[in-house]
Amino acid sequence: MTTDDVLADVGPRLRRIRKEREVTLAVLSEATGISVSTLSRLESGLRKPSLELLLPIAQAHQVPLDELVGAPPVGDPRIRASEPIVRHGRTHWPLTRQPGGLQAYKVLEPKRRLEPEPRTHEGYEWLYVMSGKLRLVLGEHDVVLAAGEAAEFDTRVPHWFGSTGEGSVEFLSLFGPQGERMHVRARPRRGCRGARPGVPGETVP
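Given the structure is predicted, the values throughout are model-derived calculations rather than measurements.

The rules behind the values
- Residues numbered from 1 in each chain as written.
- Predicted model: local features only at pLDDT ≥ 70, side-chain atom pairs only at ≥ 80, totals over all residues.
- Heavy atoms only, no water.
- Helix = DSSP H or I, 4+ residues; strand = E, 2+ residues; numbered from the N terminus.
- Buried < 20%, exposed > 50% of the residue type's maximum accessible area, 1.4 Å probe, protein only.
- Contact = heavy atoms within 4.5 Å.
- Areas by Shrake-Rupley, 256 points an atom, 1.4 Å probe, with all protein chains shown as cover.
- Phe/Tyr/Trp six-rings, centres within 6.5 Å; stacked < 30°, edge-to-face > 60°.
- Pairing = 2+ DSSP bridges.
- Axes fitted to C-alpha atoms, helices over the stretch in contact; angles between N-to-C directions.
- Parallel < 35°, antiparallel > 145°, perpendicular 65-115°, else oblique.
- Left-handed = near helix turned anticlockwise from the far one by under 90°.
- Nonpolar A, V, L, I, M, F, W, Y, C, P; charged D, E, K, R; others polar.
- Salt bridge = Lys/Arg side-chain N within 4 Å of Asp/Glu carboxyl O.

Q: Looking at this model, I keep getting lost on the overall build of the protein. Mind explaining?
A: When you go through the protein residue by residue, the secondary structure sums to 5 helices and 11 strands. The buried share of the protein, taken over its 205 residues, is 45%. Looking at the protein alone, contacts between residues at least 24 apart form 66% of all its contacts between residues at least 6 apart. On the protein, roughly 10,800 Å² of surface is accessible, and the fraction owed to carbon and sulfur atoms is 51%.

Structure follows, in structure tokens:
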């Protein structure tokens, strides 16, 4: 399944979920802050979905983000995406196949506590936690995201994310063009504990 196929399915899925909940476009607009015309164009496929639009809709409907984008559940034998990739103990399920452009992964990080090593790359990255807690080190910030919470950031800012050490965490990772061009920055002077760094598709020169 290509990115275009995934995006083409989002509109009908948004309409179906809204109809099942008997919610009008006007009510959804008030709950999300997204205009009725934009919501209508999303459902009809005339507006390309983005994380900035899908997150408020998912929160308004109280459904996981992966339900809106149609991400298959872990372990489902009918998964049409590529086989999972295990790298440095972290498991990635690719949700897109073609190189370049937007890349999406469903990621499972096991319970562990390792040293963060912030990295940078070109573009933007979006993280959405489906279960567990995800530690995010971004520049001078060190925060913990719980299930249902998301983060968006410029990936030129040194960043790292992984397990808090309290349990495993499952999350969605989406990043823009050239997100695979990863390089290591110097480790911060002040040490902090967390999971081993890693972003799907990373290459370290």
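Anyway, onward from the coordinates.
Q: What's the story with the packing of aromatic side chains in this structure? I'm lost.
A: Each aromatic ring pair is characterised by the separation of its centres together with the angle its planes make. For the structure on display, the rule yields 1 aromatic pair. With a centroid separation of 5.7 Å and 85° between ring planes, the pair formed by phenylalanine 161 and phenylalanine 171 is classed as edge-to-face. Here phenylalanine 161 is found in strand E9 (residues 159-163), whereas its partner phenylalanine 171 is found in strand E10 (residues 169-175), with 10 residues between them in sequence. Each member of the pair, phenylalanine 161 together with phenylalanine 171, is buried.

Q: Which parts of the structure should I look at to understand the sheet that holds strand E1 (residues 85-87)?
A: Each strand in a sheet pairs with another by means of backbone hydrogen bonds, the pair being arranged parallel or else antiparallel. Taken together, the 6 strands give an open sheet; going across it, the order is E1-E2-E3-E10-E5-E8, and neighbouring strands pair in antiparallel fashion. Because the sheet does not close on itself, it has two edges, and the strands there are E1 and strand E8 (150-154). Strand-to-strand twist in this sheet, taken as the mean axis angle between neighbours without regard to direction, amounts to 25°. Pairing geometry for strand E2 (residues 90-94) and strand E3 (residues 103-109), over 4 bridges, is antiparallel. Looking at E3, one finds that tryptophan 93 is bridged to lysine 106. Here helix H4 (residues 51-61) sits on the sheet and contacts strand E5 (124-131), E8 and E10; the angle it forms with E5, its principal contact strand, is near 20°.

Q: Looking at this structure, I do not really get H4. What am I missing?
A: Listed as buried for H4 are Leu51, Leu53, Leu54, Leu55, Ile57, Ala58 and His61. In the segment just after H4, glutamine 62 is the residue with positive phi, at about 60°.

Q: Hey, could you run me through the packing of helix H2 (residues 25-32) against helix H3 (residues 36-44) in this one?
A: Interaxial distance between H2 and H3 falls to 9 Å at its minimum, and their mutual angle equals 110°. Between H2 and H3, the angle falls in the class roughly perpendicular. Remark: the crossing between H2 and H3 carries right-handed chirality. Listed contacts from H3 to Leu25, Ala26, Leu28, Ser29 and Thr32 of H2 are Val36, Leu39, Ser40 and Glu43. Looking at the contact of H2 with H3 residue by residue, the class counts come to 5 nonpolar, 3 polar and 1 charged.

Q: Explain the packing of H2 against H4 here, please?
A: A pair of packed helices is characterised by two quantities: the angle between their axes and the separation of those axes. Their axes nearest at 9 Å, the elements H2 and H4 cross at an angle of 110°. With respect to each other, H2 and H4 are oriented roughly perpendicular. Judged by residue contacts, Leu28, Ala31 and Thr32 of H2 engage Pro56, Ile57, Ala60 and His61 from H4. Here the residues of the contact of H2 with H4 sort into 5 nonpolar, 2 polar and no charged.

Q: Looking at this model, I keep getting lost on the pattern of salt bridges. Mind explaining?
A: Two side chains bearing opposite charge may form a pair once their charged atoms approach each other closely. Counted according to the given criterion, the structure contains 8 salt bridges. The residue glutamate 109 makes a salt bridge to arginine 90 at a minimum N-O spacing of 2.4 Å. With glutamate 109 in strand E3 and arginine 90 in strand E2, this residue pair connects regions lying 19 residues apart in the sequence. Of the two residues examined, glutamate 109 and arginine 90, each falls in the buried class. Where arginine 156 meets aspartate 154, a salt bridge forms, and the shortest distance between an N and an O atom there is 2.7 Å. According to the relative accessible area criterion, arginine 156 is exposed, its value standing at 58%. Of the residues examined, aspartate 154 reaches a relative accessible area of 15% and is grouped as buried. A single salt-bridge network, built from bridges that share partners, covers Arg15, Arg18 and Glu43.

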